[in-house]
Each structure stands twice: as C-alpha cells, then as structure tokens.
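What follows is the residue order along each chain.
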Amino acid sequence: MTVWDDLVGQIRVQEQLAAAARDADALVTAVSDGKPLDQGSKMTHAWLFTGPPGSGRSTAARAFAAALQCTSPDRALGGAPGCGFCDGCHTSLIGTHADVQIIRTDLLSIGVKETRDLVRRAQLSPAVGRWQVIVMEDADRLTEGAGNVLLKAVEEPAPRTVWLLCAPSLEDVLPTIRSRCRHLTLSTPPVEAVADVLIRRDGVDPERAHSAARATQGHIGRARRLATDERARARRAAVLKVPLRVADVGGCLKAAQELIDTATDDAKQMAEEIDVKETEDLKAALGAVAGGRMPRGTAGAMKELEDKQKRRKTRTQRDSLDLALTELTGFYRDVLALQLGSRIAIANVDVQDSLDRIAESSTPAQTLRRIESVIACRDAMDRNVAPLLAVEAMTMALRAG
C-alpha cells in the first residue's frame, strides 16, 4: 500500500506529485553529497491544490507530504518515494511527524496570529525529516491580513520548507499567493471509484457503498459518513422530504425551523464530544484545585477557550446547513433531469417516488428557479444573514416555484 492509494480517481495529479517527490528526494541527496542541483527539477517550495468539495485535496496534500518524508531503503535501489510503510510515511499520514504540520480550522476563519505562528515555524530547519512541510487544508479561510502574512513566507521560503495549500478554487486564494504556487486541479472522483474505496478500505457493504457514493455524487468524505453513520442517513432522509412539505406557508416555516434545529443538534453533538474534554484538559493544565475552583489569573484563558468553542459551534451549524442545501440542490437536479429526459444517472434513487411526483407537478423553469433559490440561500448565509431568515426565504421560494 503506497501513500497514493487513498487518492481516488486522480491519476494525472498522482503522476505529477510522484515525479516531484522523486526530484525532491534527489535534491536532498544532492545537497547532502555536495553535488550541483538539477535546474529542471519538478519540485518547488509552494503548491496549491484546488478542486470541488470531496475531490480529495487534503488527501493529495497529505500523501505528497508523506512521500517527501519517505525513508524507505528501496529509494537507493531506484524505488519511488511514498512506500506507505516506513516511519516517515506512516507518521506523516497519521499526523504525528515532527516536521509535518497539518493546519485545519473548525472555526470560520484563520487569523493573523495563527498564520504568524506558522510562518515562524516555516523558518526552522527539519528536525528529523527531510523537509519541513506545512499542509494548510483550509487556505480559503485565511483572512486578508493572514493572507498577507503568509505571502512573505511563500515569497522567501526557507531552503527545506514546503507549503501545501488547499482551496476549492483559485479565486479563493489571494492572487499574489497563487501566482507563487504550482497549481494542481483535482476533479470529482467517479462514483464507482468512491464505492470501491468504501468497500475495500472501510469494509462497507457493497450495496450501501454504491448507494452512498451515488447519493453524494463522488464526494468521498460525505459518502463515507453516509455509509457508516446512521444519524447522517436519517438527517439526509429528513432533508429530502422538504420539497414535499412546502405546499403551504405553514409547511414552509415548519420545514425551515426543522432544518435549523437539525443543524443546531449537529453542532451540539460535536460540542458534547469535544468541548468537555477541551475544558477539562485546560483546567488541569492551569492547575484547577479540588471543587473545580480555578487559580487566579486564569479567567482570560478560560474565556478565550469559550469564545473559540462558540465560533466552532457556529461554523458546525453552518456546515450542517450547507450540507442540507447541497442535498436539496441534488434533489432538484434529479427532478430537472427527469423533466428533460436526460440520460445522466439519478443520484437520489432511494426517493424516486418523490422525484417523479415533483417532476410531474412542475415545469423545468420552476425547477431551475428552485435551484436558484437554494443557491441564493447559501449566498445569503455567506453574507452572515440570520440562518433562519435565509432558510425561510428559501422554503417560501420553493413553494412558489
């Protein structure tokens, strides 16, 4: 099993990264031996991975990081870096390598303070590995100030530092940053390839794996969750009932409230799993005494943690709502395909009766307007419109058609 095995349906990207990893290995060896560098090397200090959600941007970045740190003895015999078994590969993939920093945020943005810490780290030489690698999975969430801080590090990198940035599209990254990165575009993996991964790696029943892959249209992360989490399947089933529940104003308002409540419950469940442990760990680190009383001077640290948890809860709620809106878009996409007699595969075959009912009772023009109303709801929430108001406006528009 190589580091590239989890990179689903991205043959061209895999070949480019494997070639760069070979050149990076040769470069480090040449520097160690005092030999001249190869000016035609495919390796560079900054990479930008873009692609639609679920395409495997962060998976590709992690695999490349592992290949850069590969210490397999087979390399000396002509083997390619990225064996997947050596200590360098293994620790990089699971996130414990001393010289591979994985940056992901469960907040709404990445600020200047966090980015400055990263830039300082990027100036260090590798401690135990061959490269200092920084993987930023949410580069699109950098604030403008944070992006400007990062720009300096990307412009003038340390000799053995590599930045791996991930974002949905080029437009989500500052032009000055993306112009200094080598760009790799990933595509949505084929449904069959995603199903195969769920069966082979996660042990999912073949029928359920194919159903999840088809329902999520090749989104690897969502397909895995749908195939393995009963709560995710129940939530999706509730969302797909919304188009049949907006026949009157009362139904619209009730459906909107239930979507918000579901998202809030998701955020609350995550908080229960994470917040309690974080709070207890911080209290222990700050020297909480018996009875839960905190030492003097620690109130600021506790308040900072509470603020972070509150921001994370807000993002979790919005992410859950965004997922529901994505599923609604997929539902109406299937309706439009039926109305136009398209040969494209239907994603939501498990609700075929609902699809047929909506398709027969409306026109393609109405379906397009409904899709536009879902997109408008997502845009409204991006502009910080109150979620309930945005969703209520959407359900009313779904009713009007």
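The present account deals with the structure reproduced in this document. (Residues numbered from 1 in each chain as written. Predicted model: local features only at pLDDT ≥ 70, side-chain atom pairs only at ≥ 80, totals over all residues. Heavy atoms only, no water.)

A short note on the overall build of the protein chain
- If you tally the helices and strands in the protein chain, you get 15 helices and 5 strands.
- Expected size for 401 residues packed as a compact globule is a radius of gyration near 21 Å; at 24 Å, the protein chain falls within 12% of this value.
- Projected onto the principal axes, the alpha-carbon positions of the protein chain cover approximately 75 × 60 × 40 Å.
- Counting every position in the protein chain, which comprises 401 residues, the buried fraction comes to 44%.
- Taking contacts inside the protein chain between residues at least 6 apart in sequence as the whole, the part at least 24 apart equals 72%.
- When the accessible surface of the protein chain is split by element, carbon and sulfur atoms take 53% of a total near 20,000 Å².
- Here the protein chain contributes 54 positively and 54 negatively charged side chains, and the mean placements of these two sets differ by 2 Å. (Helix = DSSP H or I, 4+ residues; strand = E, 2+ residues; numbered from the N terminus. Rg over C-alpha atoms; globule rule 2.2 N^0.38 Å. Buried < 20%, exposed > 50% of the residue type's maximum accessible area, 1.4 Å probe, protein only. Contact = heavy atoms within 4.5 Å. Areas by Shrake-Rupley, 256 points an atom, 1.4 Å probe, with all protein chains shown as cover. Lys, Arg positive; Asp, Glu negative; His and termini not counted. Charge placed at Lys NZ, Arg CZ, Asp CG, Glu CD.)

Some remarks on the side chain of Gln339
- Structurally, the position occupied by Gln339 is in helix α12 (residues 299–340).
- Separated by 3.3 Å, the side chain of Gln339 and the backbone oxygen of Ala359 make a polar contact.
- There is a polar contact of 3.0 Å between the side chain of Gln339 and the side chain of Ser362.
- Look past the residues within four positions of Gln339 in its chain and what remains in contact with it is Ile358, Ala359, Ser362, Thr363, Pro364 and Thr367. (Polar contact = N/O pair within 3.5 Å; in protein donor to acceptor, adjacent residues only side chain to side chain.)

Focus on a nonpolar patch on the surface
- A contiguous nonpolar patch, built from Val249, Leu253 and Met396 and spanning about 210 Å² of accessible area, is present on the exposed surface.
- The topology assignment puts Val249 in helix α11 (residues 249–286).
- On the basis of relative accessibility, which here comes to 37%, the residue Val249 falls in the partly exposed class. (Patch = residues over 30% accessible without salt bridge, like charges linked within 9 Å, V, L, I, M, F, W, Y side chains within 5 Å. Salt bridge = Lys/Arg side-chain N within 4 Å of Asp/Glu carboxyl O.)

Describing the packing of α12 against helix α14 (residues 364–382)
- At their nearest, the axes of α12 and α14 sit 9 Å apart, and the two run at 165° to each other. One way to sum up the angle between α12 and α14 is to call them roughly antiparallel. Every pair of crossing elements has a handedness; the one defined by α12 and α14 is left-handed.
- Here the contact of α12 with α14 is built from residues that sort into 13 nonpolar, 4 polar and 5 charged. (Axes fitted to C-alpha atoms, helices over the stretch in contact; angles between N-to-C directions. Parallel < 35°, antiparallel > 145°, perpendicular 65-115°, else oblique. Left-handed = near helix turned anticlockwise from the far one by under 90°. Nonpolar A, V, L, I, M, F, W, Y, C, P; charged D, E, K, R; others polar.)

Quick look at unusual backbone geometry
- Of note in the backbone geometry, Gln217 takes a positive phi value of approximately 55° without being a glycine.
- Within the secondary structure, Gln217 is located in the loop between α8 (206–215) and α9 (220–228).
- Not every positive phi belongs to a glycine, and Asn384 is a case in point at roughly 65°.
- As for its position among the elements, Asn384 is in the loop between α14 and α15 (387–400).
- A relative accessible area of 54% means that Asn384 is categorised as exposed.

So, the packing of α11 against α15
- Interhelical geometry of α11 versus α15 gives an angle of 140° and a closest axis separation of 8 Å. Between α11 and α15, the crossing angle belongs to the class labelled oblique. You can see that α11 and α15 cross each other, and the crossing is right-handed. Between α11 and α15, the contacting residues are Val249, Cys252, Leu253, Ala256, Gln257, Leu259 and Ile260 on the first element and Pro387, Leu388, Val391, Glu392, Met394, Thr395, Met396 and Arg399 on the second.
- Classifying every residue of the contact of α11 with α15 by side-chain character gives 11 nonpolar, 2 polar and 2 charged.

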